[in-house]
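# Summary of structural features
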Amino acid sequence: MIELIPAIDIIDGKCVRLTKGDYEQKTTYGDPLTMAREFERIGYRRLHVVDLDGAKSHHIVNKEVLRALSSETKLTIDFGGGIKTDEDIKTAFSCGASMVTVGSVAVTNPELFGRWLAEYGAERMILGADVRNGLISINGWKDNSKEELLPFLKRYIDMGVGNVLCTEISKDGTLSGPATSLYKKVMAEYPALHLIASGGVSCFDDIKALNAAGIPSVVFGKAIYEGKIDIEELWAWQKE
């Protein structure tokens, strides 16, 4: 059964969603802690948190929100956005993250990412692979790299990475359906990978389709906040 991971993206301490990563296309939904407590009440155990201010500023900004989420709930939190330095990753873990999602550093400083992988362990590191036109994007999706997805993944899988969060940027925040064909391609190439699909989930049927395709995990956010998915119904389905 696919793992269900609700998402909270943060700007100025508030829960928001962007469309295709565009900071000018922002919708604000309220208090992150209130949302996290609701997820926990229903039974969800995992939370994906993104510091969008941090991604834009190249360092963690919303650490106090992370601290509140980790101290006021028992959710397992994976945290990303603005993790660029040793100080940033230490801040994320000290503020309560169980895992961190790192993308830009894996592109711009592979040696540093490799050191973190060795120091903190593969079980606490998620490789962020955010894709636009087949290439990895970095720095809050503002910049494109020259890294192609599959070779990029292979490099780090060979180094021990087991968890990858893959976002098709053109889908993110659009409620247009996930990039299932892309995720199936990745899984066909690397069947042992714990792939976390992200972007475009619009309804319950999208998640069922990802589950049928054998995708291990899915992150979803806007569909929750726009009332497209009944998260209580979804959780009940997962437990069947």
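### As for the nonpolar core
In terms of nonpolar packing, the biggest core is built from 73 residues, with Leu4, Ile207 and Phe220 touching the most fellow members. For Phe220, the contacting residues outside a window of four places in its chain are Leu4, Ile5, Pro6, Ala7, Tyr44, Val201, Ile207, Ile229 and Leu234.

### So, the environment of Lys208
Position of Lys208 among the secondary structure elements: in helix α9 (residues 204–212). Separated by 18 residues in the primary sequence, Lys208 and Glu226 have C-alpha atoms spaced 19 Å apart.

### Looking at the environment of Arg17
Within the secondary structure, Arg17 sits in strand β2 (residues 14–19). Residue class for Arg17 comes out buried when judged on its relative accessible area of 7%. For Arg17 and Val105, which are 88 residues apart along the polypeptide, the C-alpha to C-alpha distance reads 23 Å. Among residues more than four places away in sequence, those in contact with Arg17 are Ala7, Asp9, Gln25, Lys26, Thr27, Tyr29, Asp172, Gly221, Lys222 and Tyr225. Among the polar contacts made by the side chain of Arg17, one reaches the side chain of Asp9 at a distance of 2.8 Å.

### Some thoughts on the side chain of Asp51
Secondary-structure assignment places Asp51 in strand β4 (residues 46–51). A polar contact is formed between the side chain of Asp51 and the backbone nitrogen of Gly54, at a distance of 2.8 Å. With residues near it in sequence (within four places) discarded, Asp51 still touches Ile10, Ile60, Val61, Asn62, Phe79, Gly80 and Gly81.

### Notes on helix α4 (residues 86–94)
Where α4 is concerned, the buried positions are Asp88, Ile89, Thr91, Ala92 and Phe93. Of the residues flanking the end of α4, it is Gly96, one or two places downstream, whose phi is positive at about 115 degrees.

### Remarks on the packing of aromatic side chains
How two aromatic rings sit relative to each other is set out by the distance from centre to centre and by the angle between their planes. All chains considered together, the criterion is met by seven aromatic pairs. Taking the centre distance of 5.0 Å and the plane angle of 25 degrees together, the rings of Tyr29 and Tyr225 count as stacked. Placement of Tyr29 in strand β3 (residues 22–30) and of Tyr225 in helix α10 (residues 222–225) is noted, with a sequence separation of 196 residues between them. Classification of Tyr225 by relative accessible area gives buried; the value is 14%. Taken together, a centroid distance of 5.0 Å and an interplanar angle of 40 degrees make the contact between Phe93 and Tyr120 tilted. Taken as a pair, Phe93 in helix α4 and Tyr120 in helix α6 (residues 110–120) lie far apart in primary sequence, 27 residues in all. The exposure classification of Phe93 matches that of Tyr120, with both residues buried. An aromatic cluster is present here, built from Phe39, Tyr44 and Trp235 joined pairwise through their rings. Its end group placed over the ring of Tyr23, Lys56 keeps NZ or CZ at 4.7 Å from the ring centre.

Quick notes on the rules
Residues numbered from 1 in each chain as written. Predicted model: local features only at pLDDT ≥ 70, side-chain atom pairs only at ≥ 80, totals over all residues. Heavy atoms only, no water. Core = buried A, V, L, I, M, F, W, Y, C linked by side-chain atoms within 4.5 Å. Buried < 20%, exposed > 50% of the residue type's maximum accessible area, 1.4 Å probe, protein only. Contact = heavy atoms within 4.5 Å. Helix = DSSP H or I, 4+ residues; strand = E, 2+ residues; numbered from the N terminus. Polar contact = N/O pair within 3.5 Å; in protein donor to acceptor, adjacent residues only side chain to side chain. Phe/Tyr/Trp six-rings, centres within 6.5 Å; stacked < 30°, edge-to-face > 60°. Lys NZ or Arg CZ within 6 Å of the ring centre and 35° of its normal.

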